[in-house]
Amino acid sequence: MVIRNVRTLIRMNTIYYEAHNNLYLNLTNRCSADCVFCIRNFADGVYGYDLRLSKEPSTEEIIGALGGLDLSNYREVVFTGLGEPTLRFDVVLAVTRWLKSRGIRVRLDTNGHAELINPELDVISELKNAGMDSISVSLNAESEEKYNKLCRPVYKNAYRAVLDFVRGAREAGISTRVTVVKIPEIDVEKCRKVSEELGSEFHIRTLSEAASKEIGGKN
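Calculation criteria
Starting afresh in each chain, residues are numbered from 1 along the sequence in its written order. The model is predicted, so local features are restricted to residues of pLDDT at least 70 and side-chain atom pairs to those at 80 or more, both for listing and for counting; the totals for chains, interfaces and linings are taken over all residues. Remark: hydrogens and water are excluded; side-chain values derive from all non-hydrogen atoms of the structure. Helix and strand definitions follow DSSP, with helices as H or I runs of at least four residues and strands as E runs of at least two, each counted in order from the N terminus. Two rings from Phe, Tyr or Trp (for Trp, the six-membered ring) form a pair when their centres sit within 6.5 Å of each other. Planes less than 30 degrees apart are called stacked, planes more than 60 degrees apart edge-to-face, and all others tilted. Exposed residues in this analysis have more than 50% of their type's maximum accessible area, buried residues have under 20%, and partly exposed residues fall in between, with area computed by a 1.4 Å probe over protein chains only.

A.B. asks: Account for unusual backbone geometry, with residues named and values stated.
C.D. replies: Within the chain, Asn140 stands out as a residue other than glycine whose phi angle is a positive 65 degrees. Mapped onto the elements of the fold, Asn140 is located in the loop between β7 (134-138) and α6 (144-151). Its identity as a non-glycine residue notwithstanding, Asn157 has a phi of 60 degrees, on the positive side. With respect to the element layout, Asn157 can be found in the loop between α6 and α7 (158-171).

A.B. asks: An account of the packing of aromatic side chains is needed here, citing residue identities and associated values.
C.D. replies: Aromatic ring pairs: the centre-centre distance and the angle between the two ring planes describe each pair. Within the structure shown, the criterion is met by 3 aromatic pairs. Between Tyr17 and Tyr24, the ring centres sit 5.3 Å apart and the planes meet at 15 degrees, which makes this aromatic pair stacked. The class for Tyr17 is buried, based on a relative accessible area of 4%. The exposure class of Tyr24 is buried, given its relative accessible area of 7%. Centroid distance Tyr147 to Tyr159: 5.3 Å. Interplanar angle 50 degrees. Geometry classified as tilted. Here the residue Tyr147 occupies a position in helix α6, and Tyr159 occupies one in helix α7, the gap between them amounting to 12 residues.

By themselves, these are just geometric observations and shouldn't be taken as functional.
Pasting the structure below:
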């Protein structure tokens, strides 16, 4: 009965979705940036999942949904979705602790604004103490000027904050990579150099099909 109720909730508001042998958690549709290439601007979700939320799921709802799954079937559980997870930092920490108590590998996909969003907290220490295994940070630009143009952050000095966040996570011993979307406006090789200077792994992301159609049509 409980699982059936949870699955009804999932159909109405997608809490999780599956892809690449991972389980992805959709905590919020809010974000502290408005990237010109973001899937949010072109579609309601990814991989056939509607990720628009009529309400944000509580910690209890997320854990209740996860409790009905065999989490050992997945390589890792990833905080991502259609918004910035660290806007719900307390939920990220609580769910991470719950997952780690069950031996599950956990990753955070983020825009790197966590310290700007939660200035009262030592966010990296909190993530480390909760057991976060790895972090993937969207860099998406080789300079502050380019970043502000493409990512349109809410906060001033956001690019510097992203670099500091990556550096701090690495120094804390959390496996950290930076990522970029492959579009003509971004100099991928210069971004790779920034990643190397930060001592971080580097990953190139493919632009979503929906965004490709829209952006490609304007070029």
